[in-house]
Amino acid sequence: MTQYLHDYFSGHATQAIEGMKAALQAQSFYKRLEMRLAKGEDLSGELPVIAKVGNAGALEVVEEAIAENKALETSVWDFSPKVQKIGKVTLDLHKEPFEHLPRVTQTLAYKCPAGVVKVTIQTSGENFKVEFTTEKTKMAAEMAMRELEKEISFALLSAQ
């Protein structure tokens, strides 16, 4: 395995976890606002823009913000479109009852003439691990990893 591949997938996981945390914090904030607005509480002193749009308009905006951040919770795990096309990507989010962040398992299965490389990112809280599964023979595994590294490099360079 090359350090480049490990660094790329580790960076992706770190960035996605931070994005997921931000989306969850925003959801929490907007849900508290939604609850207060639904009760009819006047929040124009705290948020002056509410005086302009009224409680009904603010409630509508808050509901949209909750939905956007709910979608953002999973979309932060998306690879760039060109990296996405390299192989088959799957994403599984699992929420444990007493944990703040969902557990994520993301896989990228890359197929080339030398064999298949399966990259798995698993999270638990803010911790993650990146695993590479390859062919049994060392030579085929090395070739497949190098091909994956080339494909990701080209995809990232062409995206800029």
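The structure displayed is predicted, hence computed values, not measured ones. (Residues numbered from 1 in each chain as written. Predicted model: local features only at pLDDT ≥ 70, side-chain atom pairs only at ≥ 80, totals over all residues. Heavy atoms only, no water.)

S.K.: Hey, could you run me through the nonpolar core in this one?
M.R.: Where a protein is soluble and globular, its nonpolar side chains tend to be buried together. Residues Phe 9, Trp 77, Val 119, Phe 132 and Leu 148 are the most contacted members of the largest nonpolar core, which totals 27 residues. Among the secondary structure elements, those contributing two or more residues to this core are α1 (3–38), β2 (103–112), β3 (115–124), β4 (127–133) and α4 (138–159). Top element by residues in this core is α1. It accounts for eight residues. Listed in part, the seven residues of the second largest apolar core include Leu 37, Leu 43, Ile 50 and Ile 66. (Core = buried A, V, L, I, M, F, W, Y, C linked by side-chain atoms within 4.5 Å. Buried < 20%, exposed > 50% of the residue type's maximum accessible area, 1.4 Å probe, protein only. Helix = DSSP H or I, 4+ residues; strand = E, 2+ residues; numbered from the N terminus.)

S.K.: Teacher, can you tell me more about the pattern of salt bridges here?
M.R.: Close approach of charged atoms lets side chains of opposite charge pair. Counted according to the given criterion, the structure contains ten salt bridges. Note that Glu 18 and Lys 21 form a salt bridge whose closest N and O atoms lie 3.3 Å from each other. Residue Glu 18 and its partner Lys 21 are located together in helix α1, separated by three residues, close to a single helical turn. Under the relative-accessibility criterion, Glu 18 is labelled partly exposed at 41%. Ionic pairing is found between Glu 131 and Lys 129, a salt bridge with its closest N-O pair at 3.6 Å. (Salt bridge = Lys/Arg side-chain N within 4 Å of Asp/Glu carboxyl O.)

S.K.: Got a minute to help me understand the sheet that holds strand β1 (residues 88–94) in this structure?
M.R.: In a beta sheet, neighbouring strands pair by backbone hydrogen bonds and run either parallel or antiparallel. Read across the open sheet, the four strands follow the order β1-β2-β3-β4; overall the sheet is antiparallel. The two strands at the open ends of the sheet, each matched to only one other strand, are β1 and β4. Strand-to-strand twist in this sheet, taken as the mean axis angle between neighbours without regard to direction, amounts to 10°. The sheet contacts of α1 involve β2, β3 and β4, and relative to β4 the element is tilted by about 145°. (Pairing = 2+ DSSP bridges. Axes fitted to C-alpha atoms, helices over the stretch in contact; angles between N-to-C directions. Contact = heavy atoms within 4.5 Å.)

S.K.: Looking at this structure, I do not really get the packing of aromatic side chains. What am I missing?
M.R.: In total, this model carries five aromatic pairs according to the counting rule given. For the pair Phe 9 and Phe 79, a centre-to-centre distance of 5.9 Å together with 90° between the ring planes defines the contact as edge-to-face. Residue Phe 9 is located in helix α1, and its partner Phe 79 is located in the loop between α2 (49–75) and α3 (81–84); the two are separated by 70 residues in the primary sequence. Take Phe 9: its relative accessible area is 0%, and that puts it in the buried class. (Phe/Tyr/Trp six-rings, centres within 6.5 Å; stacked < 30°, edge-to-face > 60°.)

S.K.: Help me understand α1 in this model?
M.R.: For the α-helix, the turn length of 3.6 residues means that residues three or four positions removed from each other point alike. Helix length check: α1 (36 residues) gives 52 Å between terminal C-alpha atoms against 52 Å at 1.5 Å per residue, within 8%. Just downstream of α1 lies Gly 40, where phi reads positive at about 90°. (Expected span 1.5 Å × (residues − 1).)

S.K.: What should I look at first to understand the environment of Asn 55 in this one?
M.R.: In this structure, Asn 55 sits in helix α2. Judged by its relative accessible area of 26%, Asn 55 falls in the partly exposed class. Distance in space between the C-alpha atoms of Asn 55 and Arg 36 is 10.0 Å, their sequence separation being 19 residues. Once residues within four sequence positions are removed from consideration, Asn 55 is found in contact with Leu 37, Gly 40, Glu 41 and Ile 50.

S.K.: How do you make sense of the layout of surface pockets when you look at a structure like this?
M.R.: Estimates place the volume of the largest pocket at around 160 Å³. Elements with a contribution of two residues or more to the lining of the largest pocket: α1 and α2. Among the elements that line the lining of the largest pocket, the one with the most residues is α2, at seven residues. Broken down by class, the residue content of the lining of the largest pocket amounts to ten nonpolar, no polar and no charged. (1 Å grid on protein atoms, 1.4 Å probe; cavity = no way out; pocket = protein on both sides within 12 Å on 5 of 7 lines; lining within 4 Å. Points joined across faces, edges and corners; volume = space filled by probe spheres on them. Nonpolar A, V, L, I, M, F, W, Y, C, P; charged D, E, K, R; others polar.)

S.K.: How should a negative patch on the surface be read in this particular structure?
M.R.: Taken together, the side chains of Glu 60, Glu 63, Glu 64 and Glu 68 define an acidic patch exposed on the protein surface. Here Glu 64 shows up in helix α2. On the basis of relative accessibility, which here comes to 43%, the residue Glu 64 falls in the partly exposed class. (Patch = residues over 30% accessible without salt bridge, like charges linked within 9 Å, V, L, I, M, F, W, Y side chains within 5 Å. Areas by Shrake-Rupley, 256 points an atom, 1.4 Å probe, with all protein chains shown as cover. Lys, Arg positive; Asp, Glu negative; His and termini not counted. Charge placed at Lys NZ, Arg CZ, Asp CG, Glu CD.)

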